Amino acid sequence: MTAGCAGGRLTIDLRALQDNWRALAALAPHSECAAVVKADAYGIGLPQAVSALTRAGARTFFVAHLHEATAARAAAPDAVIYVLNGLPPGTASDYAAARARPVLGSAEEIAEWADFAAETGADASAAIHLDTGMTRLGLSPAEARAMFASGGPGFRPSLLMSHLACADEPDRAETERQRALFAELRALAPDVPASLANSAGTLLGRTESGDLAFDLRRPGVSLYGSNPIHGGSVRLKPVVRIEARVIQLRQVPAGTAVGYGGVETTRRPTTLAILSVGYADGIFRAAGGADDARGASAYVGEIPCPYVGRISMDLIAIDVTDVPEGALKRGDWVEMLGDHVGVDDLARASGTIGYEVLTALGRRHERRYA
Ligand SMILES: *Cc1c(COP(=O)(O)O)cnc(C)c1O
């Protein structure tokens, strides 16, 4: 695509990604810092993210599906790669071929993997997922105790892990309960490395009675510049920047209804800039403006320019009345996401979370890696 032909441009700062990983790793030097790169590395591009993180020092990656593990393997020939969604029936040999380790989340998966390892003598490295309160995947505490009491899983697991359900809300008592239960369960196999913390757990660091880091941490969203606990000691750098092109500028009088449904009416003589991105480019429709609800803002330099009216599929109107005459013209680019509008800011304005903003970045932008 010729540069400038797309309506939006998405710039991904791989150095910021590396800096975020290093900052998170440094929070608990006694615990390995892995990287979660499922969903195309939360939208930024899995091969690019895995290569950059490997250069920064990451050695262990988590994906959701085996095909993602294959892509990660191509980018990181020596890495350890875990597949969070487990072992679909009959796929054990595919895992072995990809040198991917399933995260086994049920007794059936564990039995199937143990049989495969016994029959083929293949490397049986795999994680076992223990459910400490998420109620999604993993053995219940009773199942885990029973399994280890009756001789274990039939192979030596390479990781015992569990997943925090509420760590993005630091006041919730569930996190401490999950940590204590996980500490008790991992003692069933004390020689096996243990992993509990996602981004929120990594940023929290500990609960009242203990460390959340264990042997290995699994941050995802924080690597990409979104902070799930909206605080903490780490300043995460923005990794994604979206700019939109100005298609036209127009002057309208006060009282002009703008966009579909006419849900927002200008309150003053207004200069509008019509931008060439919309909800098909990852700017959620819920971030639009209405008479009774301000929309999100784009930025022209340091000047916030609120969205006006509903967001269309391919277009957004913004109020650029406060931009000095001549400072913005047709063909210029304005910031939708970047240094002034963080992933979490756009998420809040859209009634969602940073995870959804990132994984919805869209396929239409001209993509650049910096
Ligand atoms: C997605 C996921 C992570 C990463 O979570 P973030 O909140 O993005 O840091 C870690 N562990 C498991 C099991 C996951 O599914």
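Please refer to the structure higher up on the page.
Reading the values: rules and limits
- Residues numbered from 1 in each chain as written.
- Predicted model: local features only at pLDDT ≥ 70, side-chain atom pairs only at ≥ 80, totals over all residues.
- Heavy atoms only, no water.
- Buried < 20%, exposed > 50% of the residue type's maximum accessible area, 1.4 Å probe, protein only.
- Helix = DSSP H or I, 4+ residues; strand = E, 2+ residues; numbered from the N terminus.
- Pairing = 2+ DSSP bridges.
- Phe/Tyr/Trp six-rings, centres within 6.5 Å; stacked < 30°, edge-to-face > 60°.
- Lys, Arg positive; Asp, Glu negative; His and termini not counted.
- Salt bridge = Lys/Arg side-chain N within 4 Å of Asp/Glu carboxyl O.
- Polar contact = N/O pair within 3.5 Å; in protein donor to acceptor, adjacent residues only side chain to side chain.
- Contact = heavy atoms within 4.5 Å.

**Regarding the pairing of strand S20 (residues 333–337)**
Next, step 1: Burial of S20 is extensive: 4 of the 5 residues sit out of reach of the surface.
Next, step 2: Bridge analysis of strand S13 (residues 240–252) against S20 gives 4 bridges, and the strand direction is antiparallel. Note on S20: the bridge partner recorded for Ile-242 is Leu-337.

**Re the packing of aromatic side chains**
Next, step 1: Inspection of every chain in the model, using the stated rule, returns 6 aromatic pairs.
Next, step 2: Look at Tyr-42 and Tyr-355: their rings are 6.3 Å apart centre to centre, the planes differ by 35°, and that puts the pair in the tilted class. Here Tyr-42 is found in helix H2 (residues 38–42), whereas its partner Tyr-355 is found in helix H11 (residues 354–359), with 313 residues between them in sequence.
Next, step 3: Note on Tyr-355: relative accessible area 32%, which makes it partly exposed.
Next, step 4: With 6.4 Å between their ring centres and 80° between their planes, Tyr-95 and Trp-113 make a pair best called edge-to-face. In this pair, Tyr-95 sits in helix H5 (residues 92–98) while Trp-113 sits in helix H6 (residues 107–120), placing the two residues 18 residues apart along the sequence.

**Digging into the side chain of Asp-131**
Next, step 1: Of note, Asp-131 is situated in the loop between strand S7 (127–129) and helix H7 (141–149).
Next, step 2: Notably, Asp-131 is buried but unbridged: the nearest opposite-charge side chain belongs to Arg-136, and the N-O separation is 8.3 Å.
Next, step 3: At 3.0 Å, the side chain of Asp-131 and the backbone nitrogen of Gly-133 are in polar contact.
Next, step 4: Every residue in contact with Asp-131, bar those within four places of it in the chain, is listed here: Arg-136, Leu-137, Gly-138, Leu-139, Ser-140, Pro-141 and Ser-162.

**Considering the pairing of S13**
Next, step 1: When strand S1 (residues 8–12) meets S13, the two strands line up antiparallel, connected through 5 bridges. Each bridged residue has a counterpart across the sheet, and for Thr-11 the counterpart in S13 is Arg-241.
Next, step 2: Of the pairings in the sheet, the one linking S13 to strand S16 (residues 270–275) comprises 6 bridges and is antiparallel in character. By the bridge assignment, Val-246 is partnered in S16 with Leu-275.

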